[in-house]
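A look at the structure
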Amino acid sequence: MALPKVDFEVGADGVAVITMCNPPVNALAIPIIMGLKNRFDEAARRNDVKAIVLTGKGGRFSGGFDISVMQKVHRTGDSSHLPDVSVELVVNSIEDSKKPVVAAVAGLALGGGLELAMGCHARIAAPRAQLGLPELTLGIIPGFGGTQRLPRLIGLSKAVEMMLTSKPITSEEGRKLGLIDAIVSSEELLKASRLWALEIGERCKPWVRSLHRTDKIGSLSEAREVLRTARQQVKKTVPHLPQQLACVDVIEHGIVHGGYSGVLKEAEVFKQLVVSDTAKGLINVFFSQRAISKVPGVTDIGLKPRNVKKAAVIGGGLMGSGIATALILGNIHVILKEINPEFLLKGIKTIEANVNGLVRRGKLTKQKADAALSLLRGVLDYSEFKDVDLVIEAVIENISLKQTIFSDLEKICPPHCILASNTSTIDLDVVGKTTSSQNRIAGAHFFSPAHIMPLLEIIRTDKTSAQVILDLITVGKIIKKTPVVVGNCTGFAVNKTFFPYSQGAHLLVNLGVDVFRIDTLIRNFGFPIGPFQLQDLAGYGVAVATSKVFADAFSDRIFKSPLLDLLIKSGRNGNSVSMRFFFFNNSYFLCTGNILCEYNQLFLTLAISALPGKNNGKGYYIYEKAGKPKPDPSILPIIEESRRLCNIMPNGKPISVTDQEIVEMILFPVVNEACRVLEDGVVIRASDLDIASVLGMSFPNYRFDFLYSLFKIDNN
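Residues numbered from 1 in each chain as written. Predicted model: local features only at pLDDT ≥ 70, side-chain atom pairs only at ≥ 80, totals over all residues. Heavy atoms only, no water.

**Digging into the sheet that holds strand β10 (residues 310-314)**
- As summarised here, the arrangement of the eight strands in space is β12-β11-β10-β13-β14-β15-β16-β17, forming an open sheet in which the pairing is mixed. One side of each edge strand has no neighbouring strand; the edge strands of this open sheet are β12 (376-379) and β17 (482-487). With strand direction ignored, the average angle separating the axes of adjacent strands in the sheet is 25°.
- Set on the sheet, helix α27 (residues 686-697) makes contact with β16 (455-460) and β17; between it and β17 the angle comes to about 125°. (Pairing = 2+ DSSP bridges. Helix = DSSP H or I, 4+ residues; strand = E, 2+ residues; numbered from the N terminus. Axes fitted to C-alpha atoms, helices over the stretch in contact; angles between N-to-C directions. Contact = heavy atoms within 4.5 Å.)

Structure, rendered in structure tokens:
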């Protein structure tokens, strides 16, 4: 691999072209930053240089600062690894240059890349270039002047929105906002940028130092009102993330005290945030997500993925219909099989509702929705399975039924066809026991709703071929899932890790701790909902089925609480009938790149289609169509009866515990179980379990460093 470098070339027109070269995205590694400083100093000294164009090699400007530098700071505890880019390079060498500097932007200018471009005196872009400041997703704020220049270039409201949401814009939108001065074709980009730079020098184009602008900020009172609204929104939506309020504060500092003072304040706060626990957790997740696609013995042995053009899904219930939806949205033909016309029609209607729901929410165009639905066909037998490339079984958690299905599939499907199960608990060796095709049997465990949740656990047995695993990884990426390869055991990676979660909550309740206090504290820790509301939304039948599976597998570490049985006996069985409403009206942004993850329900996929009857909406909470769920006081006598039957309160009195102790009693057993998952080799790396926990359980990603520091887990 070529070493990072900065090229320098002076043309006959007197324009020096400075080119960042660090494929694939020209990340601002330390050698690039040092090279830029040297090249700008050289351009300033040379008499034959009239103007400067800054660009990136390979059709990309720059993807931003090299995040591995921050990882090195975390590893060594030495913040001196962070270079002074904001003042020394962007202000002194670029913005205050005596020679005009134009940024020629193609492909992308993100993070520090966009900040470099904003330090230039003009920005010329190719069509559809991506522009953004995503630093807050890493627990930090823009550190090269972005908090000061973006508001001055595009206006305060839009700048605050771009930074707090970390959403990029296109160069076309940037042109309308004033961030981009002109858009030209990729072929003409360098030529147009050179000419623009010369025209600035000749005073035919404006020579703009963006840090000095104030025309788009508005009055001080107007600016403070915008920032006050932003603070309120931050406190309401992401109260656990310190970088959000820090960003607003730094922006305000610059508005009140001037752009240069704002740059200095930004650099100070940036360095503080880099070493925060939040940044450590989020940067850990950033690198973890990039490691999951590397599977030893699969992705490193020269195999090429086979093309999956046609798939079949067996079972049109909640999971099956969601899986089929995900596949057709990925442009894969799907055969949906059910056992009778009534179930088949219901499954097809569910898929149609899933797709049309995405259209209503603006996630999908009507044209693409119609195209996706045209790829779906419903059947009642196996006659059309003769040419499928992949089958995913998504029936109830019944071992004999699954064994029968896989025996049938082996006889009907072509020899290359992958035979996958969506089981959440059953050992795949048991599922494939009656077949002779165990080398092509694997798990494809989706999380509900399958067409929305990003995680796909791919389960391999000792006999599953590497080709099958590679093909499933490829399918997962095609349907826009994050595939994590895990080993074969009860509950696999995520559900096995988190089965102690509800156990700890029930233990505390039977020791006398208030149910609603527990839920509140877990939400305060960073989960979207607490363990008891989770059971409400999944339905108590799911919790009971789950408890039985894990009690059989891990009898030595199970706490048996009578509470669920008492709730069901009293006529309550949860509120999963409102689950779809909950999913689609409560989005939760996970700060791991651009992932948008909806709330996931613990063990939702475990025996969900086996629920006896419909849930009646009665649970720990009272659910109304509008507003937040309210604690149901009528649940208290049932809880008291559970405590009486359990009889574990010391001297019959509730225990006295702090808020921190409650959180620890629920989550420390989860971390202990994660250690078992690692020790047993269920996951390849600890970081794989990180990503699976974030995407499958909505575990607060910024909390990882806190847990690792407590348990001294080696996350390599």
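**Let's talk about the packing of helix α9 (residues 220-237) against helix α10 (residues 242-257)**
- Contact geometry for α9 and α10: axes closest at 10 Å, N-to-C directions at 175°. As summarised for this structure, α9 and α10 are arranged roughly antiparallel, according to the angle between their axes. Side by side, α9 and α10 meet where L220, A223, R224, L227, A230, R231, V234 and K235 of the first sit next to Q244, L245, V248, D249, I251, E252, I255 and V256 of the second.
- Broken down by class, the residue content of the contact of α9 with α10 amounts to ten nonpolar, one polar and five charged. (Parallel < 35°, antiparallel > 145°, perpendicular 65-115°, else oblique. Nonpolar A, V, L, I, M, F, W, Y, C, P; charged D, E, K, R; others polar.)

**Quick look at the packing of helix α2 (residues 67-76) against helix α12 (residues 277-291)**
- Contact geometry for α2 and α12: axes closest at 10 Å, N-to-C directions at 130°. As the angle between them shows, α2 and α12 are arranged oblique. For α2 against α12, the interelement crossing comes out left-handed. Of the residues in α12, those in contact with I67, S68, M70, Q71 and H74 of α2 are A279, K280, I283, F286 and F287.
- Residue classes in the contact of α2 with α12 are distributed as six nonpolar, three polar and one charged. (Left-handed = near helix turned anticlockwise from the far one by under 90°.)

**Quick word on α27**
- Its twelve residues place the ends of α27 16 Å apart at the C-alpha level, agreeing with the 16 Å of an ideal helix rising 1.5 Å per residue.
- Of all twelve residues making up α27, twelve are buried, and the element is well covered by its neighbours.
- Of the residues one or two after α27, S698 is the one with positive phi, at around 55°. (Expected span 1.5 Å × (residues − 1). Buried < 20%, exposed > 50% of the residue type's maximum accessible area, 1.4 Å probe, protein only.)

**A look at the pairing of strand β2 (residues 15-21)**
- Burial runs high along β2: seven of the seven residues are buried.
- Burial of β2 is two-sided: the residues V15, V17, T19 and C21 facing one way and the residues A16, I18 and M20 facing the other way are all buried.
- Across six bridges, strand β1 (residues 5-10) lies against β2 in antiparallel orientation. Within β2, the position partnered with D7 by the bridge is T19.
- Alignment of β2 against strand β3 (residues 51-56), held across six bridges, turns out to be parallel.

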